[in-house]
Each structure stands twice: as C-alpha cells, then as structure tokens.
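Breakdown of the fold
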Amino acid sequence: QVQLVESGGGLVQPGGSLRLSCAASGFSIFNYDMSWYRQVPGKERELVAAFRSVGGSTNYAASVKGRFTISRDTAKRTVYLQMNSLKPEDTAVYYCNAAHLFGTGNYWGQGTQVTVSS
C-alpha cells in the first residue's frame, strides 16, 4: 500500500524549532521529487520546500529560506523538514508530497499541524 505519513508537528514558541518527518511506504522515494507544502484555513496550499530527485537540488519559499531545511534519507524512505526560528505565521497544516519524476505517481500525506504561539 502506497502511503506517506507525516509526524513531528506540535506546539512551539516563537523562535523555537521542530523537525517534521515524512515516511513513505509501498514505494521508493528515489525517483520522486519530495516536497513539503502548508495550508491555513481559507488559503491555498503553498509550496514550502522541495527536494528534486535529479541532482538533489532544493528550493524554498522566500518566507522560509534560511530558516527551513529539507533533506532526504533514501534508505529510510524518509524526508525531513527542519524548521528553525519559527514564527507565528508558520502556523499551518504541513503536508508531504511525492511526485514521480516521469509523472507516473503523485501522493500526499494526511498532514501534521504546526502551531507557533506563545
């Protein structure tokens, strides 16, 4: 069964850190572009960070650049999002996405809530 399961969300104070994990099962992430998105109620889902399968390049939304880091452990079939210097505006449900390099599969996790508040 193909599945993405996020974990690591929670409540953190401004300036704090969290590390999100996205574990894949039923497929290898090697040929997938792995991304993190986030969404708040009433707004569209936005791309936060992406790890490209070809070349291993990464890109980030301007609002998180320098604070968030995406990484991949292919052997563990897991993608991480290290989030530092968190701000209240980072509060959202964070979703993991896997998009196959040749477009033969696109999967979403169920989401994990991140709340930044004092």
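The sections below set out a description of the structure shown in this document. Note that the coordinates shown come from a computational prediction; the quantities given were computed from them, not determined experimentally. (Residues numbered from 1 in each chain as written. Predicted model: local features only at pLDDT ≥ 70, side-chain atom pairs only at ≥ 80, totals over all residues. Heavy atoms only, no water.)

**With respect to the state of the cysteines**
Linking two cysteines covalently through their sulfur atoms gives a disulfide. What counts, and what does not: By convention in this document, the label disulfide applies to cysteine sulfur atom pairs within 2.5 Å. In DSSP terms, a helix is any run of H or I states spanning at least four residues, a strand is any run of E spanning at least two, and both are numbered starting from the N terminus. Think of it in three bands: residues with accessible area under 20% of the maximum for their type are buried, residues over 50% are exposed, and the middle band is partly exposed, with areas taken using a 1.4 Å probe on protein chains only.
Applying the stated criterion across every chain yields a total of 1 disulfide. With a sulfur-sulfur separation of 2.1 Å, C22 is cross-linked through a disulfide to C96. Handedness of the C22-C96 disulfide follows from its S-S torsion of about -80 degrees: it is left-handed. Of this pair, C22 sits in strand β3 (residues 18–25) while C96 is found in strand β9 (residues 92–100), placing the two residues 74 residues apart along the sequence. Taking relative accessible area as the criterion, C22 reaches 1% and is therefore assigned buried.

**Looking at the pairing of strand β11 (residues 112–116)**
Using the following cut-off: Pairing between two strands requires that DSSP report at least two bridges joining them.
Here β11 shows one buried face, formed by T112, V114 and V116, and one open face, formed by Q113 and T115. One ladder, built from 3 bridges, connects strand β2 (residues 10–12) with β11; its direction is parallel. Following the sheet pairing, V12 is matched in β11 by V116. Summarising the sheet, β9 and β11 pair through 3 bridges and their orientation is antiparallel. Paired with A92 across the bridge in β11 is V114.

**Some words on the nonpolar core**
Under the convention used in this document: Take the buried residues of types Ala, Val, Leu, Ile, Met, Phe, Trp, Tyr and Cys, join any two whose side-chain atoms come within 4.5 Å, and each joined set is a nonpolar core. Contacts are assigned to residue pairs with any non-hydrogen atoms lying within 4.5 Å of each other.
Ranked by internal contacts, the top residues of the largest apolar core, which has 29 residues, are M34, W36, L81, M83 and Y94. Of all elements in the fold, only β3, β4 (32–39), β5 (46–51), β7 (68–73), β8 (78–83), β9 and β11 reach the threshold of two or more residues within this core. Non-local contacts of M83, meaning those with residues more than four positions away in its chain, are made with G16, S17, L18, L20, R67, F68, Y94 and V114.

**Remarks on unusual backbone geometry**
Its identity is not glycine, yet R77 carries a phi of approximately 55 degrees, on the positive side. Mapped onto the fold, R77 is located in the loop between β7 and β8. Of the residues examined, R77 reaches a relative accessible area of 35% and is grouped as partly exposed. The backbone phi angle of S85 is positive, close to 50 degrees, even though this residue is not glycine. Classification of S85 as partly exposed rests on a relative accessible area of 41%.

**Here we look at the pattern of salt bridges**
Operational definition: Definition used for salt bridges: Asp or Glu carboxyl oxygen within 4 Å of a side-chain nitrogen of Lys or Arg.
Overall, the coordinates contain 4 salt bridges when judged by the stated rule. Two residues, R38 and E46, come together in a salt bridge whose shortest N-O distance is 2.6 Å. Taking the relative accessible area as the measure of exposure, R38 reaches 6% and is therefore buried. Under the relative-accessibility criterion, E46 is labelled partly exposed at 34%. One salt bridge in this structure joins D90 and R67, with 2.8 Å as the shortest N-O distance. Within this pair, whereas D90 is found in the loop between β8 and β9, its partner R67 is found in the loop between β6 (58–60) and β7, the two being separated by 23 residues in sequence.

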